[in-house]
Amino acid sequence: MPLIKDLSIEMNGVRCENPFFLSSSPVSSNYEMCARAFDAGWAGVVYKTIGFFIANEVSPRFDHVRDGSGWSGFKNMEQISDKPLERNLEMLARLKRDYPEKVVVASIMGSNEQEWQELARLSEEAGVDILECNFSCPQMTSDAMGSDVGQNDDLVARYTAAVKRGSSLPVWAKMTPNIGQMEIPALAAQKAGANGIAAINTVKSLTGIDLNSFTPEPQIRGKSSISGYSGRAIKPIALRFIAQLMQHPEFRLPISGQGGIYTWEDAVHFLLLGSRTLQVTTSVMEHGYRIVEDLKSGLSHYMQDKGFERVEDMVGLSLQNTVAAEELNRDRIIYPHFDHKSCIGCGQCHLSCQDGAHQAIHWDHQSRKPTLDKAKCPGCHLCLNVCPVAGCITPGEVISKQAC
Ligand SMILES: Cc1cc2nc3c(=O)[nH]c(=O)nc-3n(C[C@H](O)[C@H](O)[C@H](O)COP(=O)(O)O)c2cc1C
Ligand code: SF4
Ligand code: SF4
């Protein structure tokens, strides 16, 4: 079905028919997969990271944390591509030849400056549009590669500069979230000539532990190790890093945002905090390439509803409303309002207010309806957060604390 809005956007002078890219991972690891993704409607792919190093992967390599019907988080132990460099370069060249309107990004990873420079040169020769430096894979087996590089601003600067020497293409530096201040490596990349930032890669994690063998999952001959977490659970972490980068006074680069994008609403959140393009892996691993149809159609309808003509018009709009804690208003209380008509009498608000808040809800055992004791309520809104009925508890009367 044709979209009601033009979703195109530019990043580093490269036109993208919509903001949606596959991120570098198994979802983009060969020609045939990327071609199917393009046919499904993705604007671009960041191809599975290539390098001189060829991964020898563990089996099994995944684990997940489930919440209801789907994954709330996904753990992987995968490294970079397990195919020879020449084969990957040949597939990248073929992709660009067969899909000239789509954006092909080569994700690269070297172990020294010469390798980074050479990978950049070879990828440009293959015809890709953009280079993404993978400074952030948390499960490499060498300190010279992966997320340890992304924690070291000196290495980020040296490797970015090497990539810039090897090619004239736009270069994105992909950041690790396994760090306190992402601004430090991001500014180092900017200073060394990077043209964009990709954020975030996976979060170092341990998920479940087998209660009989006492081994974390996934178990590889009775052992496991710390490795990257992705999907829904990491979206708040990604948004925080992106907002902090965008608000840093010296930061000037466009961002390709990622980490837990499942729905068009998630996509809008990333755009509103300053991402220009969006990348996705985990939800594609769970639901397939076809999710791009919902992402595009939802974004398009949202733009229509809000009166945005271009995707660009919404980029960064929420930054002005994202402030330091000391700048927040602390003079008011907003009491919750209980709609007794829609209340199903479950008692959840009362229970949480009793044991997790301020004992400000009176519970009528006969009618099974809550009423508020304003004298005790500081307006924390735990009750709104736990109520299972949408719109049943809403923000109500607003008072000034001085009036109390
Ligand atoms: C199985 C798996 C393999 C991945 N491999 C790579 C990789 O080779 N290069 C890279 O830059 N990121 C890699 N990633 C990270 C993703 O590109 C992405 O940054 C991360 O998963 C967060 O996005 P998501 O929550 O949409 O998955 C991988 C992620 C997963 C789940
Ligand atoms: S806002 Fe907080 S204190 Fe007030 S009723 Fe709700 S949970 Fe209780
Ligand atoms: S949590 Fe909501 S539905 Fe349940 S008793 Fe409270 S107001 Fe009613």
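It should be noted that the structure appears before, not after, this text.
Every chain begins its residue count from 1, and numbering advances along the sequence as written. Written order decides the labels, with chains lettered from A and ligands numbered from 1. Where local features are concerned, this predicted model is filtered to residues with pLDDT of at least 70; where side-chain atom pairs are given and counted, the filter is 80 or more; whole-chain, interface and lining totals use all residues. With hydrogens and water set aside, each side-chain value is computed from the structure's full complement of heavy atoms.

Undergrad: For this particular structure, what's the right way to read the overall build of the protein?
TA: Each helix is a run of DSSP H or I of at least 4 residues and each strand a run of E of at least 2, with the numbering of both proceeding from the N terminus. Broken down by element type, the protein carries twelve helices and 18 strands. As defined in this context, the radius of gyration uses C-alpha atoms, and a globule is described by 2.2 Å times the residue total to the power 0.38. Over its C-alpha trace the protein gives a radius of gyration of 24 Å, about what one expects of a compact globule, namely 22 Å for 404 residues. Referenced to the eigenvectors of the C-alpha coordinate spread, the extents of the protein come out at roughly 75 × 55 × 45 Å. Across the 404 residues that make up the protein, the buried fraction comes to 53%. Accessible areas in this description were obtained via Shrake-Rupley with a 1.4 Å probe; residue shielding takes into account the shown protein chains only. In the form shown here, the protein has an accessible surface area of approximately 18,600 Å², with 50% of it arising from carbon and sulfur atoms. Side chains of the protein give 39 positive and 46 negative charges; the mean places of these two sets differ by 2 Å. Any residue under 20% of the maximum accessible area for its type is buried, any over 50% is exposed, and the rest in between are partly exposed; the area is computed with a 1.4 Å probe on protein chains only. Note on charges: Lys and Arg go in the positive column, Asp and Glu in the negative column, and His and the chain ends are not counted at all. Taken as the charge centre is NZ of Lys, CZ of Arg, CG of Asp or CD of Glu, depending on the residue.

Undergrad: Any chance you could explain the packing of helix H2 (residues 85-98) against helix H3 (residues 113-126) here in plain terms?
TA: In a pair of packed helices, the angle between the axes and the distance between the axes together describe the arrangement. Between the N-to-C directions of two axes lies an angle of 0 to 180 degrees, each axis being a line fitted to C-alpha atoms and, for a helix, fitted only over the stretch in contact. One way to put it is that H2 packs onto H3 with a least axis distance of 8 Å and a crossing angle of 35°. Between H2 and H3, the contacting residues are Leu 85, Leu 89, Leu 92 and Ala 93 on the first element and Leu 119, Leu 122, Ser 123 and Ala 126 on the second. Contact between two residues is taken to exist if any of their heavy atoms lie within 4.5 Å; hydrogens are not considered.

Undergrad: I tried to follow the site of ligand 1 on my own but got confused; where do I start?
TA: Any residue with at least one heavy atom within 4 Å of a molecule or strand is counted as near it. Taken together, 25 residues sit near ligand 1, with Ser 24, Lys 48, Thr 49, Gly 260 and Thr 282 positioned nearest. At 2.7 Å from an oxygen atom of ligand 1 is found a main-chain nitrogen or oxygen belonging to Gly 260. Bound to the protein, ligand 1 loses 99% of the 600 Å² it would expose on its own. Elements with a minimum of two residues in the shell around ligand 1: strand S4 (44-50) and strand S6 (70-76). In this classification, the charged set is Asp, Glu, Lys and Arg, the nonpolar set is Ala, Val, Leu, Ile, Met, Phe, Trp, Tyr, Cys and Pro, and all remaining amino acids, among them Gly, are polar. Taken together, the residues of the shell around ligand 1 sort by class into six nonpolar, 16 polar and three charged. Any pair of N or O atoms that falls within 3.5 Å is considered a polar contact. Within protein, one atom must be able to donate a hydrogen and the other to accept it, and sequence-neighbouring residues count only if both atoms are side-chain atoms.

Undergrad: Any chance you could explain the site of ligand 2 here in plain terms?
TA: Near ligand 2 you find 14 residues, and of these Cys 353, Cys 377, Cys 380, His 381 and Cys 383 are the closest. Residue composition of the shell around ligand 2, by class: eleven nonpolar, three polar and no charged.

Undergrad: Help me understand the side chain of Gln 79 in this model?
TA: Position of Gln 79 relative to the elements: it lies in the loop between S6 and H2. Look past the residues within four positions of Gln 79 in its chain and what remains in contact with it is Lys 48, Phe 53, Ala 55, Asn 56, Glu 57, Cys 137, Gln 139, Met 140 and Thr 141.

Undergrad: Honestly, the packing of aromatic side chains in this entry has me stumped. Any pointers?
TA: Each aromatic ring pair is summarised here by two numbers: the centre-to-centre distance and the angle between the ring planes. Each Phe, Tyr or Trp ring (for Trp, its six-membered ring) is paired with any other whose centre lies within 6.5 Å, and the angle between the two planes then decides the class: stacked below 30 degrees, edge-to-face above 60, tilted in between. Enumeration according to the criterion identifies eight aromatic pairs in this entry. For the pair Trp 71 and Phe 74, a centre-to-centre distance of 4.5 Å together with 10° between the ring planes defines the contact as stacked. Each member of the pair Trp 71 and Phe 74 is classed as buried. Judged by centre distance (5.7 Å) and plane angle (40°), the rings of Trp 264 and Tyr 302 are tilted. Of the two residues, Trp 264 sits in helix H8 (residues 264-272) while Tyr 302 sits in helix H10 (residues 291-306), which places them 38 residues apart along the sequence. For Tyr 302, a relative accessible area of 17% gives the class buried. Within the aromatic cluster, the residues linked to one another by ring pairs are Phe 62, Trp 71 and Phe 74. Our definition puts a charge over a ring when NZ of Lys or CZ of Arg is within 6 Å of the ring centre and also within 35 degrees of the ring normal. Here the guanidinium or amino end of Arg 94 rests over the ring plane of Tyr 31, the centre of that ring lying 4.2 Å away.

Undergrad: Would you take a moment to explain the nonpolar core for this structure?
TA: Side chains that are nonpolar tend, in soluble globular proteins, to be buried together. Throughout, nonpolar core names a set of buried Ala, Val, Leu, Ile, Met, Phe, Trp, Tyr and Cys residues whose side chains join them through atoms within 4.5 Å. Counting residues in each nonpolar core, the largest one holds 100 residues, and the members touching the most others are Trp 42, Leu 92, Trp 116, Ile 197, Leu 299 and Met 314. Every residue in contact with Ile 197, bar those within four places of it in the chain, is listed here: Ala 173, Met 175, Ala 186, Ala 189, Leu 245, Phe 251, Leu 253, Pro 254, Ile 255 and Ser 256.

Undergrad: Where do I start with H10 in this structure?
TA: Structural remark: α-helix, 3.6 residues per turn; residues separated by three or four positions point the same way. Here, expected helix span is obtained from the residue count minus one, scaled by 1.5 Å. Here H10 spans 23 Å end to end across 16 residues, near enough to the 22 Å set by a 1.5 Å rise per residue. Burial in H10 covers these residues: Ile 291, Val 292, Leu 295, Lys 296, Gly 298, Leu 299, Ser 300, Tyr 302 and Met 303. Once H10 ends, the next one or two residues include Gly 307, with phi positive near 80°.

Undergrad: Please clarify how the pattern of salt bridges should be interpreted in this entry.
TA: Side-chain pairs of opposite charge can arise where the charged atoms are in close proximity. Whenever a carboxyl oxygen of Asp or Glu lies within 4 Å of a side-chain nitrogen of Lys or Arg, that contact is scored as a salt bridge. Throughout the structure, instances matching the rule amount to 19 salt bridges. Among the ionic pairs, Lys 96 bridges to Asp 129, the shortest N-O distance being 2.9 Å. With Lys 96 in helix H2 and Asp 129 in the loop between H3 and strand S8 (130-134), this residue pair connects regions lying 33 residues apart in the sequence. Like Asp 129, Lys 96 is buried.

Undergrad: What am I meant to see in the environment of Cys 377 here?
TA: Structurally, Cys 377 can be placed in the loop between strand S17 (369-372) and helix H12 (382-386). When the C-alpha positions of Cys 377 and Ile 361 are compared, they lie 8.3 Å apart, and in sequence the two are 16 residues distant. When near neighbours in sequence (up to four residues on either side) are disregarded, Cys 377 contacts Ile 333, Tyr 335, Pro 336, Ala 360 and Leu 372.

Undergrad: Honestly, the pairing of strand S14 (residues 275-280) in this entry has me stumped. Any pointers?
TA: Sheet faces and side chains relate simply in a regular strand, where the side chains alternate between the two faces. Of all six residues making up S14, six are buried, and the element is well covered by its neighbours. Sheet topology places strand S3 (residues 20-22) next to S14; three bridges connect them, and they run parallel. Its bridge partner lying in S14, Leu 22 is registered against Val 280. Paired strands are those between which DSSP finds at least two bridges. Where strand S13 (residues 255-258) and S14 come together, four bridges link them in parallel fashion. Paired with Ser 256 across the two strands is Thr 277, which belongs to S14. Crossover handedness is defined here as right-handed if the route from the first strand over the helix to the second strand goes clockwise, with the strands pointing away from the viewer. At this point the chain moves from S13, through H8, to the parallel S14, and the crossover so formed is right-handed.

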